[in-house]
Structures are given as structure tokens and as C-alpha cells.
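This is what each chain is made of:
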Amino acid sequence: MFVTSEKLDRRELLKLRQRAIAERQIFITDAAKPGAATWSDVSTVFNRFEAIVKEGVNDIVSRYRRSFLGPLWSMVGTIVFVAGFMILGRFLFKITDNTYVVYVTCGVVFWTFIFSTLAEGAGMYTNPATASTGFHLSFAEIPIRMMIRNLIVLLLNAPIVFGVSLFFVRWDNWTSLLFIPGLILVVSVLIPVAIVLGVFGARLRDLPPAVASLLQFGFYLSPVFWLAESIPQGAPHLILDLNPFYHMLQVVRKPFLNEIAPLEHYLILLGLSLGGWTIAVIVFARFRRRIIYWA
Amino acid sequence: MELVPRLSATNVKVTFPLHIAESRSFKIKIGQLLGAHRGTGRKYKSALNNISFTLRSGDRLGIVGANGAGKSTLIKTLLGTYEPEAGRIIRIGKVAGLISARTGMDPERSGYQNIYRRGMQAGLSRTEIDAFVPKILEFADLGDDIYRAVRTYSSGMGARLGFAIATSMSAQIYIMDEWIGAGDARFVEKAQERIEAMFNEEHILVLATHVDALIKRWCNKVLVLHHGEQIALTGVTEGLDIKNRILDNEPVESILSDYNANNVVPLQGKVIGGQT
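Residues numbered from 1 in each chain as written. Chains lettered and ligands numbered in written order. Predicted model: local features only at pLDDT ≥ 70, side-chain atom pairs only at ≥ 80, totals over all residues. Heavy atoms only, no water.

Caption draft 1: Quick look at the overall build of chain B. The number of helices and strands found in chain B is nine helices and nine strands. Buried positions account for 54% of the 276 residues belonging to chain B. Partitioning the intrachain contacts of chain B with sequence separation of at least 6 by distance along the chain shows that 72% fall at a separation of at least 24. Accessible surface, chain B: about 12100 Å² in total, of which carbon and sulfur atoms supply 50%. (Helix = DSSP H or I, 4+ residues; strand = E, 2+ residues; numbered from the N terminus. Buried < 20%, exposed > 50% of the residue type's maximum accessible area, 1.4 Å probe, protein only. Contact = heavy atoms within 4.5 Å. Areas by Shrake-Rupley, 256 points an atom, 1.4 Å probe, with all protein chains shown as cover.)

Following this line, the structure appears as C-alpha cells:
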């Protein structure tokens, strides 16, 4: 099969074969081995990771093509929203605490991230354009690319979050760096949920708009701009305890207020992540082959 | 690393679900759960059935058949877009797929940027793509328009660029759908010259087209499809004859029995019949 001058031993041959698969020089699809097909789909994420990141960047650049501010528009959106809420908070709700600025800014930025990840996720397999690249398709690439797109938007908003946080809250210890594990945990919950929503969203075309509406509902039930502390303990507190968005917001926002989020939030998110990945793997393996016909 | 190219399909079967349009909405789904839409069940359309062939270095296969015979489905299955329901496809060697002119292009980006985009999709590095760019620019012949968004291109311009990109990245297996036969006469002529120059004895070509002249010029084998079934895998003259007789509404059985009776031995000793 290989044209080489010298003889190769088994291991070298195996290595060559693996590289050829990564470079898309060997392509095998066998209906009798569905597991192998799923694995080859997933493995492209590792083999082409760099290219996927570039494609994610391209997506963002394309989205704001021919606009003057370009991707900075997402920053403008955040500033406008926060400014509006500050006016509302100061004059209507009489909130004078400056950390509230940080609270709302982080709330809005991270809520937008959660919202757009799930809303885009639900529709990510419905775009037929993804079906016509002329190459072996990878359905595992699509959610990763979607997440990269949203992380880039989040990164564009980072100057506001850090600016506001450093201005109003004193960072005199390492507590604030806890936003890193918090964000990793949130991402690890969002990806599997987006995969499940995406697969079913391709089949059931009512799902993407339904998800968007439900998320709107979730926005009001989650402490994005209102204070979680204002909910009394007891039965009403279930609104927060049973709300996954609350736990997500806590682990990424608390650090910017230089506070430590209670361990329970981390544990709940870890549980959601493990459960989510289990379901996502089952759904993906089961329906992956059919997505192309639904798209 | 150069591999010896090979492309084989073994008993490939592809079915399209037909139940999609009607039961996509919640309303009907819920209705079904409540028993209102009982008995609709799942319907599938067989798009390809029992497709088997092996292509090696130098084989140039033309896929022919009437509209809806499964040509494009087979092309997409060979490229890996559709996964077969049953059967196996093994593809060894670098592949270039030309499904449509603007395959994989981002209309908002310039032609120039799309060259890199396509290259990355094919798994090439930036420096590897750099090497191809002059060749692509020369063939596409777009002048300064290459820096304009692809969205603004005429279909001819898009076709030239897409074709130039796809044929510049040296591949060993070229899989093309029929769009190549479109475009103005000058482009078609230029494209044909390029494909001929690009080919060498080791390459594999798979081409789906309605244009008999293209098959005669480029192919040395013909696969005749009819309603997703592989009717014959044979030589060019015989294959085109079988296809044209099917287009003339002659029953498939009579064409095949004709061939078998006359003991024609076009390819490897046999005409492969339909349902075997």
C-alpha cells in the first residue's frame, strides 16, 4: 500500500497509517462498524483543532464584515445594556453600591455567553451549508467551532469585565482567578447540552425557537441583574437551587466580586457536566449518521 | 508520503428518510404520541442499492444515468458526506472533491481568502497553500476581482475559481459532479485541458455527468445507474449505449438480456446485471 524504498516495521506502518487518516488520505466508512465511524468523526476534532479555531475566528470576522466597529459591536452592546441598567438601578431601585456595576456587567456578559451558546447550539446542525464542504464531514467539529466562536465573543468582552472589576473591586488576593476553573466548568456543561439540543434541533425544527423562548424565560428567573440574595430562604429559593443558570453565573461572577463561590455550585456543575456528556455521547453516537439527512 | 490510490465500494446502500417533512414539528410529534397520527410510520426511499466497484491507479469512471438515478448521491457518498446504510467504502489517497463551484466557500470573503479557506478544509498548512496560490490565480484569471467578495462573482467567475482551487491541490483521486459541463465554452475547454494535463496514469477519476462527450474524452469505465441500482459496470461505448437506451424508455431487462445474449465482454469478462 505504501510506496517506500526501505522496509518498515509494523509499528512504523501503523504510525504512517494514522497520519494518513489524520491528513484525510485514508477514509474508510463501514456500515457494519458504526463505532469506528463515530470515532473517526470525533477524532477529527483533535487532528484538525488548529484549523477549527481558525474557522471559528473566520466566522466572527465574516459576521461583522463591512462594518466599521466589527466584532467590537458586541462590546458596545454590553456597555449600552450595563449603562441602561445603572440608570435604572440608581434612580428606580436606589442602589448605590458600586459593586452592583460589576454584578450586572458580569451577569450580562456571562448570560449572553450562555444564551448564545445554547441558542446557536440548537440550530447548529440545521444549516445545510455545513453539509457541502466537499470533504468528509465531521459532526463533532461543529459544536467545538460554535463554542470557539462564542468564547471569542466572550474574550472581546473581557476588557469591560476586567476593567469594571478592577475599578470597583479590590483584587488583593488570588480569589479572583477562580473564574478560570469556573469558566472551564461552565463550558464543560454547555458543550454537551448544545450537542443534544443541536441533534434534536436538526430533526425537530420547532426546537431552536423553543429553546430561544425558554432561555428568555430563564433570563428572568436567573439572577442576571437582580441579586440572588434578595430571594428568601425556603421554598422560593428553589427558583435558584433548581436553576442551572444560577450555578453557572455564581462560579464565574463571584470571582470578579473577589468572593469565593460555595463549593456546592462547583459540585452541581460537575454533576451536570458528567450527566450531560453521558447523554450527549449516547445521542451523538445514535443519531450522528442521520443528521445529514435532517440538515 | 505517497499512497497508491484506491477507491472501492462494496455493496453500498444509501436510503433517504422521507418522513422528515411531515413529522418535523412538535405538533405532529405530540399528535403521534397521543395516537392521532397512527400508522404513518417511517418511510424511506432507497437512493443507492448494492453499489460495488473497485478503482485503482489509472481508472477513470464515468457515472451515468437519468435524473434521479443516484449519481450525485453516489458522488457525495464517495466523498463521505453521506454515510452508507450498509456496505463499505475504502478510499486511499489524497482526494479532491468538486461537488459544485462554490463548495465550501464563504460568500462574504474575497476570492483570495477563500483559497486559504478551502486549503485549510483540505487539511493543508498555510505554507503549503502559499505554493498553490500563483497557479490558482493564473487559471482563475480574475484579475483584481480576486480581492472582491465571492458573493459579487458571476457564476462563471465562481466556477473558474472553484475549479482552479480544487484542481490545484494535487490529489490522487478526483471526484466530480456534473457542474463542470456548465459554464461558457471557453471555460469548459480550458477546464478540459487542465484536467487532461493534471492527470497521469496513476490517478483515479470519478465523474458524474450527462454529457456523453466528456465521458468519451476522459473516462475508461462507465457505471450505469438506474433508480439507485447498479445496472452495469462496463466500457465506455457499452455504458453510454445502455444509458441512452434507458433514456429512450427501453426496459432495462431487455437491454441487459440483449447484452448478455450477444455475449459482449466489455469489462473483466462480464456485464454486471441489476439485482444479483
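Here the narrative resumes, following the displayed structure.
Caption draft 2: Fine view of the pattern of salt bridges. Residue and element names in this part refer to chain B. A full pass over the atoms with the stated rule returns 19 salt bridges over all chains. A salt bridge links R148 to D145; the nearest nitrogen and oxygen atoms lie 2.7 Å apart. Under the relative-accessibility criterion, R148 is labelled partly exposed at 36%. Residue D145 is classed as partly exposed on the basis of its relative accessible area, which comes to 25%. (Salt bridge = Lys/Arg side-chain N within 4 Å of Asp/Glu carboxyl O.)

Caption draft 3: Summary view of the confidence of the model for chain A. The share of residues in chain A with pLDDT of 70 or more is 93%, and the mean pLDDT across the chain is 86. For chain A, helix α1 (residues 10-22) of chain A is the element with the lowest average pLDDT, namely 76, and helix α7 (residues 179-203) of chain A is the one with the highest, namely 95. (pLDDT = per-residue confidence, 0-100.)

Caption draft 4: Quick look at unusual backbone geometry. All names here are of chain B. Look at D141: it is not a glycine, yet its phi comes out positive at around 55°. The class of D141 is partly exposed, set by a relative accessible area of 43%. For N249, which is not a glycine, the phi torsion comes out positive at approximately 65°. Examined against the element boundaries, N249 turns out to sit in the loop between α8 (236-247) and α9 (252-261). A relative accessible area of 70% places N249 in the exposed class.

Caption draft 5: Up close: the packing of helix α4 (residues 73-91) of chain A against helix α5 (residues 99-123) of chain A. Residue and element names in this part refer to chain A. For the pair α4 and α5, interaxial distance at closest approach is 10 Å and the crossing angle is 140°. Between α4 and α5, the angle is such that the two are oblique. When you trace α4 past α5, the crossing you get is right-handed. Along its contact with α4, which presents T78, F81, V82, F85 and M86, the element α5 presents Y100, V101, V104, T105, V108 and V109. Here the residues of the contact of α4 with α5 are counted per class, giving nine nonpolar, two polar and no charged. (Axes fitted to C-alpha atoms, helices over the stretch in contact; angles between N-to-C directions. Parallel < 35°, antiparallel > 145°, perpendicular 65-115°, else oblique. Left-handed = near helix turned anticlockwise from the far one by under 90°. Nonpolar A, V, L, I, M, F, W, Y, C, P; charged D, E, K, R; others polar.)

Caption draft 6: Quick peek at the packing of aromatic side chains. If you walk through the whole model with that rule in mind, you get 21 aromatic pairs over all chains. Both rings, one in W111(A) and one in F219(A), keep their centres 5.8 Å apart while their planes meet at 50°; by these two values the pair is tilted. Of this pair, W111(A) sits in helix α5 while F219(A) sits in helix α8 (residues 207-221), and the two are 108 residues apart along the sequence. When sorted by exposure, W111(A) lands in the same class as F219(A), which is buried. Lying across the ring of F139(B), K190(B) places its NZ or CZ 4.8 Å from the centre. A cation over a ring is seen here: R194(B) above F139(B), with NZ or CZ 4.5 Å from the ring centre. (Phe/Tyr/Trp six-rings, centres within 6.5 Å; stacked < 30°, edge-to-face > 60°. Lys NZ or Arg CZ within 6 Å of the ring centre and 35° of its normal.)

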